[in-house]
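Single-letter residue listing:
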Amino acid sequence: EDQVTQSPEALRLQEGESSSLNCSYTVSGLRGLFWYRQDPGKGPEFLFTLYSAGEEKEKERLKATLTKKESFLHITAPKPEDSATYLCAVLRGYGGSQGNLIFGKGTKLSVKP
Amino acid sequence: DAGVIQSPRHEVTEMGQEVTLRCKPISGHNSLFWYRQTMMRGLELLIYFNNNVPIDDSGMPEDRFSAKMPNASFSTLKIQPSEPRDSAVYFCASSRWGRELTDTQYFGPGTRLTVL
């Protein structure tokens, strides 16, 4: 069964304290791995897409990496405004067909000043 | 450019009533997705359309749920009759699926549904 597991469920950091969020997956026909950020009361906001093992992408204090079984979202020197729930999702599909996303349950990040 | 638009943002109704949620995808996008989010189950895909045609509705919980996409700029998700266990946040997302296969889905702000 296709599955996406995120850890930890919740993470509390002090401002400036770097850390990593984990997303492990088992899926057949993986076409891509997505990271989203979700603030309370809002829809998920797209951050990154990774397509192949070894790929890395960066945006401000965030860096996403991908291996064959998991992805990491590294947060360097976080600020309070980085507090949010971070969602990982895998896109599965075959051939030329439209794929669909399977989401993990997210990691709730709190950054204290 | 406007993002995905959903209405209403909040809906409170009584058990047994019909509920209709609405979504306008991003202009030029040809795929539309309906999700439901709860604390227990997270984000779950209910149904998705490609070029206005339903592709996969295996996530629709039961016959009380139905979705339509009469044209490229509008979709509805209807629950009839509603039950308290349908209380959740419902999201609509759209993407431009095609040769590039970027498949990035952009989400609307959601509709918070409460069934009393």
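Structure first, text after, so check above.
So, how was this worked out
Residues numbered from 1 in each chain as written. Chains lettered and ligands numbered in written order. Predicted model: local features only at pLDDT ≥ 70, side-chain atom pairs only at ≥ 80, totals over all residues. Heavy atoms only, no water. Phe/Tyr/Trp six-rings, centres within 6.5 Å; stacked < 30°, edge-to-face > 60°. Helix = DSSP H or I, 4+ residues; strand = E, 2+ residues; numbered from the N terminus. Buried < 20%, exposed > 50% of the residue type's maximum accessible area, 1.4 Å probe, protein only. Pairing = 2+ DSSP bridges. Axes fitted to C-alpha atoms, helices over the stretch in contact; angles between N-to-C directions. Contact = heavy atoms within 4.5 Å. Buried area = accessible area lost by both parts, 1.4 Å probe. Salt bridge = Lys/Arg side-chain N within 4 Å of Asp/Glu carboxyl O. Polar contact = N/O pair within 3.5 Å; in protein donor to acceptor, adjacent residues only side chain to side chain.

### Quick word on the packing of aromatic side chains
With the rule as written, the count across this model stands at twelve aromatic pairs over all chains. Relative to Phe103 of chain A, the ring of Tyr36 of chain A has its centre 5.7 Å away and its plane inclined at 50°; by these criteria the two rings are tilted. On the criterion of sequence distance, the pair formed by Tyr36 of chain A in strand S4 (residues 30–38) and Phe103 of chain A in strand S10 (residues 100–103) is long-range, its members being 67 residues apart. The interplanar angle of 90° and the centroid separation of 5.7 Å between the aromatic rings of Phe103 of chain A and Tyr35 of chain B together place this pair among those described as edge-to-face. With Phe103 of chain A in strand S10 and Tyr35 of chain B in strand S4 (residues 31–38), this pair bridges two chains. Both residues of the pair, Phe103 of chain A and Tyr35 of chain B, belong to the buried class. In textbook terms, an aromatic cluster arises when at least three aromatic residues are bridged by ring pairs, as seen for Phe34, Tyr36, Phe46 and Phe103 of chain A together with Phe33, Tyr35, Tyr48, Phe91, Tyr106 and Phe107 of chain B.

### A word on the sheet that holds strand S1 (residues 5–7) of chain B
Residue and element names in this part refer to chain B. The strand order S1-S3-S8-S7 describes an open sheet built from four strands, whose pairing is antiparallel. Each having just a single partner strand, S1 and strand S7 (65–71) make up the two edges of the open sheet. On average, each strand axis in the sheet is inclined to that of its neighbour by 15°, with strand direction left out of account. Bridge count between S1 and strand S3 (residues 19–24): three bridges; the pairing is antiparallel. The partner of Gln6 across the bridge, within S3, is Cys23.

### Section: the interface of chain A and chain B
If you look at the interface, chain A gives 21 residues, while chain B gives 23 residues. Roughly 1700 Å² of surface becomes buried between chain A and chain B when both sides are summed, with 53% attributable to carbon and sulfur atoms. Between chain A and chain B we count zero salt bridges in total. Applying the counting criterion to the chain A and chain B interface returns three residue pairs in polar contact (both at pLDDT 80 or more). A per-element tally of the side of chain A that touches chain B places S4 of chain A first, with four residues.

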